[in-house]
Amino acid sequence: MAVFFSFFQTIFVGPDYRNIYPEFASSQHRTAMNYNKLFSKIYNGLEISEDQGKVASYIPELQNVNTTKFGVHLTTLKDHHYSFGDSDEKFSVQSIAKVLALVLAYKLEDEKLWERVGVEPSGTPFNSLVQLEYDRGIPRNPLINAGALVISDILVSHFEEPKKQFIEFVRKISGIQEIDYSSRIADSEKSVGFTNAALINLMKSFGNIRNDIDDVLDFYFNLCSIEMTCKELSRTFLFLADYGVCPYTKERIISTSKSKRINAIMQLCGFYDEAGEFSFKVGLPGKSGVGGGIIAIHPNKYSIAVWSPLLNKKGNSIRGMKFLELFTTETQASIF
Ligand code: GLN
């Protein structure tokens, strides 16, 4: 009977990984022990030397970060926590915050949003100007800089006090009141923000920016300056693993359909011209930032945040990507 059941399960349900990886057996205690153990095993096998990759030196303040830092935190829908390394240290989330701005703008605008920004992968670097002229000021997607500037413009139009109201939204969905902007990082980026200024001016010339350019840039640089720990980041994004419902308060943040679409955009556009690579190797929707952070979502299961400041040429964390690749490989769990 047991043999028959096992045969049935393998054919119709897929293999039971608890047999293949006994350390993932159902006991919560054992799972807890072993996720943490798995994190240190993967980290110790990373084999990436310090001369590979660079910090995002185009933002002067981001140069000062210690390149040996590494943290990871996974939060499950049942509020179980697993972590390793510098997971309680704050870092600049940069472009990861674009997802939260998109969530709020989508909530406010519904499907009208897509008249001003697309949902296609760009295949170009995050700050690229080239496509914008061809596409007459409509950015390919909301996660490249041009798209996030349009989203910022929308939020500036909707709110009396955009920065205050946005950070209140982030605090509400995370349940963490201490999350804040870093004026040090925002000012540093503003002092060298010429490419973003070029992007927004081009879009303004096509009529796709409604507000004063300086107000929108100020909002955008502050958005990117938000600081979080890996633990805070994974907690903040957990509602996207729960189909739009905040798992702590049970409050619906966005509809199930919108949550699906935000995850789809992350899957296709979250890593710019390396989105295919992340999808191929990790198999989860995710988003990177030039501060070295990555968030990835396993719908119905968990959100995981990794931080390691050295970036590859595409502006994505080298160790973070490799770590997540090995994590989904070892656990044999991804959305595919
Ligand atoms: N603030 C950064 C910029 O505009 C964000 C880029 C990123 O994290 N990919 O250049």
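Counting restarts for each chain: residues are numbered from 1 in the order of the written sequence. Confidence filtering applies because this is a predicted model: local features only for residues at pLDDT of at least 70, side-chain atom pairs given and counted only at 80 or more, and all residues used for totals across whole chains, interfaces and linings. Where side-chain values are given, they derive from all heavy atoms of the structure, hydrogens and water being excluded.

**Student:** Would you mind showing me how to read the site of the ligand here?
**Tutor:** For this purpose, a residue is taken to be near a molecule or strand whenever a single non-hydrogen atom of the residue falls within 4 Å of it. Taken together, the neighbourhood of the ligand is formed by Tyr58, Gln94, Ser95, Phe126, Asn145, Glu189, Asn196, Tyr220, Cys224, Tyr272, Gly289 and Val290. Whenever a nitrogen or oxygen atom comes within 3.5 Å of another N or O atom, the pair is scored as a polar contact, on the condition that within protein one atom can donate a hydrogen and the other can accept it, and that pairs from neighbouring residues in sequence are kept only if both atoms are in side chains. In the environment of the ligand, an oxygen atom lies 2.9 Å from a nitrogen or oxygen atom belonging to the side chain of Asn145. Accessible surface is estimated by sampling points in the Shrake-Rupley manner with a 1.4 Å probe; for residues, cover comes only from the protein chains shown. Considered on its own, the ligand offers 300 Å² of accessible surface; in the complex 99% of this is hidden by protein. Taken together, the residues of the shell around the ligand sort by class into six nonpolar, five polar and one charged. Three categories are distinguished: nonpolar for Ala, Val, Leu, Ile, Met, Phe, Trp, Tyr, Cys and Pro, charged for Asp, Glu, Lys and Arg, and polar for the others, with Gly belonging to the last.

**Student:** I keep staring at helix 12 (residues 256-269) and nothing clicks. Help me out?
**Tutor:** An α-helix turns once per 3.6 residues; consequently, residues spaced three or four apart project the same way. Only DSSP runs of H or I covering at least 4 residues are called helices, and only runs of E covering at least 2 are called strands; the numbering of each starts at the N terminus. Expected span, for any helix, means 1.5 Å times one less than how many residues it has. The terminal C-alpha atoms of helix 12 lie 20 Å apart, and with 14 residues this matches the ideal 20 Å at 1.5 Å per residue to within 8%. Burial classes: relative accessible area under 20% of the type maximum marks a residue as buried, over 50% as exposed, and values in between as partly exposed (1.4 Å probe, protein chains only). Buried within helix 12 we find Lys258, Ser259, Ile262, Asn263, Ile265, Met266, Gln267 and Cys269. Whether two residues are in contact is decided by their heavy atoms, any of which lying within 4.5 Å being enough. Check the buried side of helix 12 and you find it contacts helix 4 (97-109), helix 13 (275-281), strand 5 (286-288) and strand 6 (293-298).

**Student:** Can you walk me through the pairing of strand 6 in this structure?
**Tutor:** Most of strand 6 is tucked away, with six of its six residues classed as buried. Of the two faces of strand 6, both are covered, the one formed by Gly293, Ile295 and Ile297 as well as the one formed by Ile294, Ala296 and His298. Across three bridges, the pairing between strand 5 and strand 6 is antiparallel. Note that in strand 6 the partner of Ser288 across the bridge is Ile294. Following DSSP output, two strands are said to pair if at least two bridges run between them. Here strand 6 pairs with strand 7 (residues 302-307) via six bridges, running antiparallel. For Ile295, the partnering residue across the bridge sits in strand 7 and is Ala305. Hairpin connection, strand 6 to strand 7: the antiparallel pair is bridged by three residues, and Asn300 has positive phi, about 70 degrees.

**Student:** Honestly, the environment of Arg261 in this entry has me stumped. Any pointers?
**Tutor:** Secondary-structure assignment places Arg261 in helix 12. The exposure class of Arg261 is partly exposed, given its relative accessible area of 33%. Apart from residues no more than four positions distant in its own chain, Arg261 is found in contact with Tyr106 and Glu111. A distance of 3.2 Å separates a polar atom in the side chain of Arg261 from a polar atom in the side chain of Tyr106.

**Student:** Explain the side chain of Thr331 here, please?
**Tutor:** Positionally, Thr331 belongs in helix 14 (residues 318-331). By relative accessible area, which is 11% here, Thr331 ends up buried. A polar contact is formed between the side chain of Thr331 and the backbone oxygen of Phe327, at a distance of 2.7 Å.

**Student:** Please explain the pairing of strand 2 (residues 81-85) as it appears in this structure.
**Tutor:** Side chains on a regular strand alternate between the two faces of the sheet. In this structure, strand 1 (residues 71-76) lies alongside strand 2, joined through five bridges in antiparallel fashion. From the neighbouring strand, Val72 faces strand 2, where its bridge partner is Phe84. Remark: four residues form the turn of the hairpin made by strand 1 and strand 2, two consecutive strands paired antiparallel; Asp79 in that turn has positive phi of roughly 65 degrees.

**Student:** Looking at this structure, I do not really get the environment of Ala197. What am I missing?
**Tutor:** Mapped onto the elements, Ala197 comes out in helix 9 (residues 194-205). The partly exposed category is assigned to Ala197, whose relative accessible area is 23%. For the pair Ala197 and Ala146, spaced 51 residues apart in sequence, the C-alpha to C-alpha distance is 10.0 Å.

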